[in-house]
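Structure assessment
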Amino acid sequence: MSSVAQRASLDAVRPYGDHLDDGLVQLSFTLPVDHGPLAREAALALVRDKMGLIKPEIVHAKPLTPGYTYFVLFAQCQHAVDCDRLAAVRTATRAMSEEEVDAFVAERLGRPIVVIGASTGTDTHSVGIDSILNLKGFDGRHGLEAYHWFRAHNLGSQVPNTALLAKAFDVEADAILVSQTVTQQGLHLHNLTELVELVEAEGKRRDLLLVCGGPRITDELAKELGFDAGFSKGTYPNDVAAFIAQELAARERPPVDAAAPEL
Ligand code: B12
């Protein structure tokens, strides 16, 4: 890459490999075929003839166990996406650092935000919710527990939805944060929709922000399931804090320029 990074045009974004617009992608997959020439040809045919990529090149092929071969390939993608036409995901949220979120909450809400989180149902994966809520945070950024204007309660993993909700009412939470990692047989869908149904049955949906996250969660899926937002891999605690703070501020006190004019 040159020392002066070239900016890509956002109306035609292609994968970047060696230079801008080369469309190079790396793929890895396993085929249920014995390691050998047939498996290699099958991998190339799959990428070239079925996936629509051009110039596939096998850079790694390894027998896994009898009957299975693992591949790493490079290939070229000819397509581009127009970022301007994407139904903007969470466009309303302005990116903010920890300090900016704290200053925003102090100014716009003037009270601490109470959040409660857990990994629910039978899901035992706790690292995701810990990385958002706990002091230590994720990748060098503090979790919400460290924020001056947040009160964070982390109930851990395998928490029944009913217990999470009871505690949310107890601490008068502004937002419930749910982590779901295991998606086998749609387990996450059940756990997530059950929480929404319980909140609605209590008549509290308008009073609570519902946020979920996990490696297979998208903002789109979260909204389909009745949540206010969903966050996936690579989320930082300040992304979540910025969303919660801005959403609550918009609900509690609309910005001055959006308020009705004084008579
Ligand atoms: C550690 C681990 C475990 C540990 C969990 C320990 C613990 N205390 O958490 C143990 C060994 C217990 C475990 C068990 C199992 N695991 Co496991 N596990 C993993 C592993 C290696 C890492 C997960 C992790 O910690 N990631 C790090 C965190 C930081 O990433 P994250 O969760 O994505 O979180 C980020 C975002 O998603 C987001 N986020 C996450 N949650 C939330 C919540 C909110 C509100 C927000 C805003 C954001 C957010 O923010 C985080 C930071 O960016 C993954 C494989 C992998 N490499 O990912 C498998 C994996 C998740 N496990 C898997 C499986 C299948 C299981 C088991 C079913 C295995 C078994 N047959 O027993 C059991 C399930 C047990 C259960 N009842 O839940 C599968 C899941 C497949 C699927 N899609 O369903 C994976 C992907 C492995 C695989 N390739 O098959 N596992």
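Residues numbered from 1 in each chain as written. Predicted model: local features only at pLDDT ≥ 70, side-chain atom pairs only at ≥ 80, totals over all residues. Heavy atoms only, no water.

1. Observations concerning the coordination of the cobalt atom of the ligand
From the protein, the cobalt atom of the ligand takes a single donor atom, H125 (NE2), 2.3 Å away. Mapped onto the secondary structure, H125 falls in the loop between β4 (113–119) and α3 (127–133). (Donors = N, O, S within 2.8 Å, 3.2 Å for Na, K, Ca; no water. Helix = DSSP H or I, 4+ residues; strand = E, 2+ residues; numbered from the N terminus.)

2. Thoughts on the sheet that holds strand β8 (residues 229–231)
Strands sit in the order β5-β4-β6-β7-β8 across an open sheet of five strands; the sheet is parallel. Each end of this open sheet is capped by a strand with a single partner; those strands are β5 (150–154) and β8. Taken pair by pair, the neighbouring strands of this sheet meet at an average axis angle of 20 degrees, ignoring direction. Seen against the sheet, helix α7 (residues 237–252) touches β4, β5, β6 (175–179), β7 (209–213) and β8 and runs at an angle of roughly 160 degrees to β7. (Pairing = 2+ DSSP bridges. Axes fitted to C-alpha atoms, helices over the stretch in contact; angles between N-to-C directions. Contact = heavy atoms within 4.5 Å.)

3. Comments concerning the site of the ligand
Near the ligand there are 30 residues, and of these H125, S126, S179, T183 and T235 occur at the shortest range. Here a nitrogen atom of the ligand and a side-chain polar atom of H125 are 2.8 Å apart. Between the ligand and T183 there is a distance of 2.7 Å, counted from a nitrogen atom to a side-chain nitrogen or oxygen. Within the residue set of the shell around the ligand, elements represented by two or more residues are α3, β6 and β7. The leading source of residues in the shell around the ligand is α3, at four residues. A class-by-class count of the residues in the shell around the ligand yields eleven nonpolar, 16 polar and three charged. (Near = heavy atom within 4 Å. Polar contact = N/O pair within 3.5 Å; in protein donor to acceptor, adjacent residues only side chain to side chain. Nonpolar A, V, L, I, M, F, W, Y, C, P; charged D, E, K, R; others polar.)

4. With respect to the pattern of salt bridges
This structure, assessed with the given rule, holds ten salt bridges. Two residues, R205 and D228, come together in a salt bridge whose shortest N-O distance is 3.0 Å. Taken together, the residues R205 in the loop between α5 (187–201) and β7 and D228 in the loop between α6 (219–224) and β8 connect sequence positions 23 residues apart. The residues R205 and D228 share a single accessibility class, namely buried. What makes D228 buried here is its relative accessible area of 16%. One continuous salt-bridge network, built from bridges that share partners, spans R205, D228, E247 and R251. (Salt bridge = Lys/Arg side-chain N within 4 Å of Asp/Glu carboxyl O. Buried < 20%, exposed > 50% of the residue type's maximum accessible area, 1.4 Å probe, protein only.)

5. Brief notes about the domain arrangement of the protein chain
Per the domain assignment, the segments making up the protein chain are domain 1 (7–86) and domain 2 (90–254). Placing the centre of domain 1 and that of domain 2 at their C-alpha centroids yields a distance of 35 Å. (Domains from an automatic or database assignment.)

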